[in-house]
Structure formats: structure tokens, C-alpha cells
Amino acid sequence: MSDRDTAFAEYFAARSGAMRGTAFLLCGDWHRAEDLVQTAFTKLYTHWHRVARHEALDPYVRQVLIRTFIDDGRRGWWRRERPRETPIEQAAVQSSADDRLMLLQALAGVPPRQRAVLVLRYWEDMSVDETAAVLGCSAGTVKSQAARGLDALRVLMSHPVTAE
């Protein structure tokens with residue numbers, strides 16, 4: 001294995017798990033998150049020889065991941081069949097796990113660009129300027145997308161979707 005491959009394999013082993021978590025928050029599906037991460041790291045590998053600063057890879061890979069997610073949404077992935085839970089006979093008592101699932105379900109209902117802003121700002125704890133740089137937009141766009149995304153999330157959380 002070449003030095004290039006060794007360096008890439010070490011980076012992948014160290015950071016793919018964190019990127020997978022970010023991807024899951026974006027799409028709400030572990031299988032799709034794995035596909036997004038695989039695509040992002042494949043794109044990184046093809047450009048690995050051109051990456052000058054290997055210590056600054058996280059922002060680059062995160063940007064590739066976000067753009068892959070947004071582009072994938074434009075291709076109509078969301079129109080494909082999605083499995084649904086069967087209806088529950090009795091309502092279960094809400095717990096913190098239920099709250100988390102409800103939040104993830106609501107997050108999945110937020111438009112992709114707004115969801116990307118919410119994940120970067122509030123999960124990845126990025127500043128407005130950092131988020132704008134990753135998404136390739138202005139700080140004002142990040143602020144408006146975050147506000148709209150939070151509004152959409154509030155609406156979706158106040159009216160949870162039940163399985164039919």
C-alpha cells in the first residue's frame with residue numbers, strides 16, 4: 001500500500017464515524033447516511049493527491065458531505081419508497097428516546113438546505129460564517145435558512161406525524 005493510501009486509510013478510520021453521525025442527522029436513515037459518507041470519502045480519495053493541508057480535512061469532507069446530501073435530494077431520492085412503522089395499538093409513554101425519535105422524524109421533514117444549516121449550526125456547533133463557507137452561501141442566507149428551518153421544526157414538532 002502506498003503512502004497516499006495509508007494516509008487516506010488512517011484518516012477514514014479516524015473520521016468516518018463522526019461523518020456518519022452528521023450524515024444521519026441530515027437524512028435520518030443509517031443506510032443512506034452510510035451511502036453519503038461513502039460517496040463523500042470516494043470524492044475525497046479521488047482528490048487526495050491535490051489536498052495540500054491534510055490537517056484541515058474535516059471542513060472539506062463535511063462540505064462534500066453536505067453538498068452530496070443536497071444534490072442527492074435534488075435527484076428525487078426522497079420520492080423513493082420509504083418504509084413506515086406499523087401503527088401502534090396503544091400510545092406509549094413518551095421518554096427521552098421517544099423525544100429523540102420525534103425530533104429526528106421532524107428534522108427529516110425540514111427541507112434539505114434548511115436541514116443542512118440546522119445540522120451544521122446546532123449539531124456541528126459551527127458559526128454562521130463557518131456554515132456559510134461550507135454551504136457556499138452568504139451569512140445572511142444561513143441566518144434566514146436557520147430561522148425558517150427552526151420554524152419548520154417547531155411546526156413539525158407541535159404536530160407529530162403518526163403512522164397510518
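Relevant structure appears above.
Residues numbered from 1 in each chain as written. Predicted model: local features only at pLDDT ≥ 70, side-chain atom pairs only at ≥ 80, totals over all residues. Heavy atoms only, no water.

**Q** Summarise the overall build of the protein; cite the residues concerned and give the values.
**A** Counting its regular elements, the protein contains seven helices and zero strands. Of all 164 residues assigned to the protein, the portion counted as buried reaches 35%. Residue pairs at least 24 apart in sequence account for 67% of intrachain contacts in the protein once pairs closer than 6 positions are excluded. With an accessible surface of roughly 10500 Å², the protein has 54% of that area assigned to carbon and sulfur atoms. (Helix = DSSP H or I, 4+ residues; strand = E, 2+ residues; numbered from the N terminus. Buried < 20%, exposed > 50% of the residue type's maximum accessible area, 1.4 Å probe, protein only. Contact = heavy atoms within 4.5 Å. Areas by Shrake-Rupley, 256 points an atom, 1.4 Å probe, with all protein chains shown as cover.)

**Q** Break down helix H5 (residues 112-123) for me, citing the residues and quoting the values.
**A** Every buried residue of H5 is accounted for by Gln114, Arg115, Ala116, Val117, Leu118, Val119, Leu120 and Arg121. Aspartate 125 occupies a position one or two residues after H5 and carries a positive phi of about 55 degrees.

**Q** An account of the pattern of salt bridges is needed here, citing residue identities and associated values.
**A** Counted according to the given criterion, the structure contains four salt bridges. When the shortest N-O distance is used, the salt bridge between aspartate 58 and arginine 15 registers 3.1 Å. A residue pair is termed long-range when its members are at least 10 positions apart, and aspartate 58 in helix H3 (residues 57-74) and arginine 15 in helix H1 (residues 3-27) qualify at 43 residues. (Salt bridge = Lys/Arg side-chain N within 4 Å of Asp/Glu carboxyl O.)

**Q** An account of the packing of aromatic side chains is needed here, citing residue identities and associated values.
**A** One pass over the full model with this rule turns up eight aromatic pairs. Taking the centre distance of 6.5 Å and the plane angle of 25 degrees together, the rings of phenylalanine 8 and phenylalanine 12 count as stacked. Taken together, the positions of phenylalanine 8 and phenylalanine 12, both in helix H1 and four residues apart, correspond to about one turn of that helix. Under the relative-accessibility criterion, phenylalanine 12 is labelled partly exposed at 31%. For the ring pair phenylalanine 12 and phenylalanine 41, a centre distance of 4.9 Å and an interplane angle of 85 degrees mean the geometry is edge-to-face. One end of the pair, phenylalanine 12, is in helix H1; the other, phenylalanine 41, is in helix H2 (residues 30-46), and 29 residues separate them in sequence. Of the residues examined, phenylalanine 41 reaches a relative accessible area of 3% and is grouped as buried. Grouping aromatic residues by their ring pairs yields a cluster made of Phe8, Tyr11, Phe12, Phe41, Tyr45 and Trp48. Its end group placed over the ring of tyrosine 45, arginine 4 keeps NZ or CZ at 4.3 Å from the ring centre. One cation-aromatic arrangement involves arginine 121 over tyrosine 122; the distance from NZ or CZ to the ring centre is 5.4 Å. (Phe/Tyr/Trp six-rings, centres within 6.5 Å; stacked < 30°, edge-to-face > 60°. Lys NZ or Arg CZ within 6 Å of the ring centre and 35° of its normal.)

**Q** Quick one: what's the story with the environment of valine 128, residue by residue and with numbers?
**A** Take valine 128: it is sitting in helix H6 (residues 128-135). Here the alpha-carbon distance between valine 128 and valine 117, two residues 11 residues apart in the chain, equals 9.1 Å. Leave out the neighbours within four places in its chain, and valine 128 touches Arg121, Ala139, Val142 and Lys143.

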